[in-house]
Amino acid sequence: MSTGAVGRAHPRLEGREKVTGTARYAVEYPVDGVTYGWAVPAAVVRGRITRVDTDEALASPGVLAVLHHGNAPRIAPGPQPELWLLQEPAVNHRGQFVAVVVATSLEAAREGARLVRIDYDAAPHSTVLTDDHPGLYRPEHVNPSYPTDTAEGDFDAGYAAAPVRVDATYRTPAYHNNPMEPHATTARWHDGRLLVHDSTQGAAPVQTTLAELFGLPQESVRVIAEHVGGGFGSKGSAKAAVVLAALAARHVDRPVKLALTRQQLFGPIGYRTPSIQRVRLAADTDGRLTAVCHDAISQTSTVREFAEQIAVYTRSMYAAPHQRTTHRLVRLDVPTPFWMRAPGECPGAYALESAMDELAIAVGVDPVELRIRNDAQVDPDQGEPFTSRNLVACLREGAQRFGWAQRDPTPRARRDGRWLIGTGVAGSSYPARARPSSAAATARPDGTFLVRIDATDIGTGARTALWQVAADALGVPPERVEIRIGDSDLPVAPVAGGSMGTASWSWAVIRACEALRGKLRDGAPPGTEVSAEADTTDEVGGQPERPRYAYGAQFVEVRVDADTGEVRVNRMLGVFAAGRVVNPTTARSQLIGGMTMGLSMALHEEGLLDERYGDWVNHDLATYHITGCADVEAIEAYWLDERDDELNPAGVKGVGEIGIVGTAAAVANAVHHATGVRIRDLPIRLDKLVGVSGLA
Ligand code: MOS
């Protein structure tokens, strides 16, 4: 018996706490005797520390300790070498954390950090990705475990034989995640146990990592992440802040709060790799694809391989008899790249969906129609039918809502004074998967229920969505349900990542609630609490591997100043097919948030690396531009009423990432329509437009 909570708009349960400032984030918990840590970044790109002089820092008022490789507590090396911090004198990238100053106040710690003197033996470095870099190699697989290269049919023959061809190379720069809350931790040790409040997308993996590093049993580490101010992938595993805070707290034997600065988010925590992508498309004269090839080049670090799955998007998006995709990597003296919203799909879709626009023009077919003509109901990669694929429905509904039908395809056909007006479209897809999770449900004697799961709400509305799911699964009004998340003491659950949170967690919540109802039906002594737990490992693992994706269609209208080349986005409209939507309020926020981030990628964001210093020179929000509210004039997100019973008990596909996929291409395609200029390297800056075309 559903009470209809799922599908109903509901404000965030913690909304009042957040807007009144009472919601506590990782370093906002009051702690007796607390101290403050300040991380010190390496000033060379590659080399060794030869001397650390801490005298001046230690003499500074309030400074309690300076930790570095010579005196920090020892930790075990784990699967992420980046986390083996303060253990050895080697420096692998500029900005690597090489010391931590602990003091009685934040200001004293910062001042102490300024006074630490470190000498280095610097070695030559290589930090810039090029398509002819001598270090290019073929990784074993790409993230998370896809084949590196794929081939169907005979691309070269298919391409050579086709009457219409597109061959274009697209470039994206490094992108830096900038959640409002930086990576931040409060750490304290007590009787050999470690308690941390951490800003993370998953308490459980942080708990596991800390236990490994510090050689502790899992149950001796507790991680709490009650409220998290954004992550976008950058907090998808344990990161430097939590390790440094735990090391420092052990060293000074007092609680330590450590938050990275905004500047420190640019590099050491990871970033989206730059990419160089060659896309070749061939089609018949009706625009039906005959051959598709996507070759992607990106970078990783010298300490760990991170191979972004950039061309994977192309494997399943459009049908073509001849298809090839490849990935190549270079190990550079840079921080290891990491997750950023729709890793792989986001940069990959920029290239493929731009190339589809180029093909539409080459063949003279409307770009919406071109995508419809090349729809695939059987996955070209796996050769199996999708569980559900409503890309065409998204394109049709989007075209109708956007007013696409009246579009004159001629570039530069619309003008409003100085402004050239153009519209663009792109397709969008993102995998819809789930991971094993556990959860517990308790019936209390007073008629209320408690549902517990170590899910994380990174600002998405996960807490509220799971509360709605639990109410329906219990068959009671949501007001009678209390939900508790964000604590490794709760039943173990996967990270908020890969757009898999709601699917994975709700699966376990539903099963726990069902188990509880079963127990209650069997009868329980009056006045007692009754609890049930569920673990979905077998059920999730036993699922048939049918291809499953969410889809979307992105429509954008831009205006471009013919004199200055300035691009403004008049309106963006997305239609998505993402399974069941649990909470329209928070789902819409996810979708328009993703679209906004895509707009930011198209027009603003760009990590500019200076090879001489081996570092990004724009590393704050004054110089690394991010779309602000004034850049988003009108934005709308809609979704289809999609039912897909093969996915998971809640029928959800996830909405965290699909909104960013394709957006940048839709903007670039609209800019081309407005100006006749094709920008193949993001961001689309005014100097590129003015320089190329002499618009006026
Ligand atoms: Mo998201 S980049 O999968 O955390």
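Residues numbered from 1 in each chain as written. Predicted model: local features only at pLDDT ≥ 70, side-chain atom pairs only at ≥ 80, totals over all residues. Heavy atoms only, no water.

Undergrad: I'm lost on the overall build of the protein chain in this one. Help?
TA: The helix and strand tally for the protein chain stands at 16 helices and 28 strands. Against the 2.2 N^0.38 benchmark of 26 Å for 696 residues, the protein chain shows a C-alpha radius of gyration of 26 Å, consistent with a compact globule. C-alpha extents for the protein chain along the principal axes are approximately 75 × 70 × 50 Å. The proportion of buried residues among the 696 residues of the protein chain is 61%. Considering only contacts in the protein chain between residues 6 or more positions apart, those separated by 24 or more positions represent 81%. Of the accessible surface of the protein chain, which amounts to about 25400 Å², a share of 50% is contributed by carbon and sulfur atoms. Computing the positive centroid from 70 side-chain charges and the negative centroid from 84, the protein chain places the two 2 Å apart. (Helix = DSSP H or I, 4+ residues; strand = E, 2+ residues; numbered from the N terminus. Rg over C-alpha atoms; globule rule 2.2 N^0.38 Å. Buried < 20%, exposed > 50% of the residue type's maximum accessible area, 1.4 Å probe, protein only. Contact = heavy atoms within 4.5 Å. Areas by Shrake-Rupley, 256 points an atom, 1.4 Å probe, with all protein chains shown as cover. Lys, Arg positive; Asp, Glu negative; His and termini not counted. Charge placed at Lys NZ, Arg CZ, Asp CG, Glu CD.)

Undergrad: Whenever I open this one, the sheet that holds strand β11 (residues 184–190) confuses me. Can you help?
TA: Whenever strands of a sheet pair, they do so through backbone hydrogen bonds, lying parallel or antiparallel. Pairing within the open sheet is mixed, and its seven strands lie in the order β3-β5-β1-β14-β11-β12-β13. Looking along the sheet, the strands with just one partner apiece sit at the ends: β3 (63–68) and β13 (221–224). If you compare each strand with its neighbour and ignore which way they point, the axes differ by 20° on average. The sheet contact formed by β3 and strand β5 (residues 97–103) spans five bridges and is antiparallel. When the bridges of β5 are listed, V63 appears paired with A103. The sheet contacts of helix α5 (residues 203–214) involve β11, β12 (193–198) and β13, and relative to β13 the element is tilted by about 145°. Against the sheet, helix α6 (residues 240–252) makes contact with β1 (35–41), β3, β5, β11, β12 and β14 (256–259), and its axis sits at roughly 35° relative to β11, the strand it touches most. (Pairing = 2+ DSSP bridges. Axes fitted to C-alpha atoms, helices over the stretch in contact; angles between N-to-C directions.)

Undergrad: Sorry, what's going on with the nonpolar core here?
TA: Soluble globular proteins tend to pack their nonpolar side chains together in the buried interior. Counting 132 residues, the largest nonpolar core has L281, V558 and I684 as its most contacted members. When residues of this core are assigned to their parent elements, the largest contribution, eleven residues, is made by α6. If near-sequence neighbours (up to four positions away) are discounted, I684 is found in contact with V567, A602, L603, V667, A668, V671, I679 and L689. Ranked by size, the runner-up nonpolar core spans 44 residues in total, among them W467, L474, A496 and A534. (Core = buried A, V, L, I, M, F, W, Y, C linked by side-chain atoms within 4.5 Å.)

Undergrad: I'm lost on unusual backbone geometry in this one. Help?
TA: Peptide bonds are trans in most cases, and residues, glycine excluded, mostly fall at negative phi. The omega angle of the peptide bond from N143 to P144 is -15°, so this bond is cis rather than trans. With respect to the element layout, P144 can be found in the loop between β7 (141–142) and β8 (146–147). With an omega dihedral of -5°, the bond running from L682 to P683 counts as a cis peptide bond. The residue P683 is located in the loop between α15 (663–675) and α16 (686–693) in this model. With a phi close to 60°, L86 is a non-glycine residue in the positive phi region. Of note, L86 is situated in the loop between β3 and β4 (90–91).

Undergrad: Help me out: how do you make sense of the packing of α5 against α6 in this one?
TA: Here α5 crosses α6 at 45°, and the two axes come no closer than 11 Å. As summarised for this structure, α5 and α6 are arranged oblique, according to the angle between their axes. For the pair α5 and α6, the sense of crossing is right-handed. Contacts between α5 and α6 involve V206, L210, L213 and F214 on the former and, on the latter, V242, V243, A246, L247 and R250. (Parallel < 35°, antiparallel > 145°, perpendicular 65-115°, else oblique. Left-handed = near helix turned anticlockwise from the far one by under 90°.)

Undergrad: Explain the packing of aromatic side chains to me, please; I cannot follow it from the model alone.
TA: Describing an aromatic ring pair means giving the distance of the ring centres and the angle of the ring planes. Tallied over the entire structure, the rule returns 14 aromatic pairs. Taken together, a centroid distance of 5.7 Å and an interplanar angle of 80° make the contact between Y170 and Y350 edge-to-face. Of this pair, Y170 sits in strand β10 (residues 164–172) while Y350 sits in helix α8 (residues 345–363), and the two are 180 residues apart along the sequence. Arranged with centres 5.1 Å apart and planes meeting at 70°, the rings of F306 and W339 form a pair that is edge-to-face. One end of the pair, F306, is in the loop between β16 (289–301) and α7 (312–317); the other, W339, is in the loop between β17 (322–332) and α8, and 33 residues separate them in sequence. An aromatic cluster of at least three residues, connected via ring pairs, comprises F306, F338 and W339. One Lys or Arg, R165, reaches over the ring of Y159 and ends 5.5 Å from the middle of that ring. Positioned above the aromatic ring of F338 is the side chain of K239, whose terminal nitrogen or guanidinium carbon lies 3.4 Å from the ring centre. (Phe/Tyr/Trp six-rings, centres within 6.5 Å; stacked < 30°, edge-to-face > 60°. Lys NZ or Arg CZ within 6 Å of the ring centre and 35° of its normal.)

Undergrad: For this particular structure, what's the right way to read the pairing of β16?
TA: The two faces of the sheet receive side chains in turn, since in a regular strand these alternate between them. Extensive coverage of β16 is indicated by the burial of twelve of its 13 residues. Where strand β15 (residues 275–283) lies against β16, nine bridges are found, and the strand directions are antiparallel. Each residue of the ladder has a partner; that of I276, found in β16, is I297. The turn joining β15 and β16, which pair antiparallel and follow one another in sequence, is formed by five residues; a positive phi near 85° is taken by G287. Inspection of the sheet shows β16 paired to β17 by eleven bridges, in the parallel sense. Residue pairing across strands places Q299 opposite V330, the latter belonging to β17. Between the parallel pair β16 and β17, the chain is carried across by α7, and the sense of this crossover is right-handed. (Right-handed = clockwise from strand over helix to strand, strands pointing away.)

Undergrad: Just to check I follow, could you spell out the pattern of salt bridges for this structure?
TA: Between side chains of opposite charge, a pair can form when the charged atoms approach closely. Applying the stated rule across the entire model yields 46 salt bridges. Of the charged contacts, one joins E397 and R401 as a salt bridge, the two residues approaching to 2.9 Å between their closest N and O atoms. Placement of both E397 and R401 in helix α10 (residues 391–402) is noted, with a separation of four residues, approximately one turn of the helix. For E397, a relative accessible area of 24% gives the class partly exposed. One salt bridge in this structure joins R511 and E539, with 2.6 Å as the shortest N-O distance. Residue R511 is found in helix α12 (residues 501–521), and its partner E539 is found in helix α13 (residues 537–541); the two are separated by 28 residues along the sequence. By relative accessible area, which is 24% here, R511 ends up partly exposed. Assessed through its relative accessible area of 33%, E539 is described here as partly exposed. (Salt bridge = Lys/Arg side-chain N within 4 Å of Asp/Glu carboxyl O.)

Undergrad: Can you help me understand the sheet that holds β15 in this one?
TA: Strands sit in the order β9-β17-β16-β15-β10 across an open sheet of five strands; the sheet is mixed. The open sheet has two edge strands with one neighbour each: β9 (150–152) and β10. Between one strand axis and the next, the sheet turns through 10° on average, direction left out of account. Bridging between β10 and β15 involves nine bridges; their strand directions are antiparallel. Across the sheet, residue T169 finds its bridge partner in β15, namely R278. Contacts between α8 and the sheet are confined to β10, β15 and β16, with β10 contributing the most and set at about 150° to the helix.

Undergrad: Could you clarify how one ought to interpret the environment of A23 in this entry?
TA: For A23, the location among the structural elements is in the loop between α1 (15–20) and β1. Dropping the residues within four chain positions of it, A23 is found in contact with E17, K18, E28 and H227.

Undergrad: Teacher, can you tell me more about helix α14 (residues 584–603) here?
TA: Across its 20 residues, α14 extends 28 Å between first and last C-alpha, which sits within 8% of the 28 Å expected from 1.5 Å per residue. Capping the start of α14, N583 holds a side-chain oxygen 3.0 Å from the backbone nitrogen of T585, two or three residues further along. (Expected span 1.5 Å × (residues − 1). Polar contact = N/O pair within 3.5 Å; in protein donor to acceptor, adjacent residues only side chain to side chain.)

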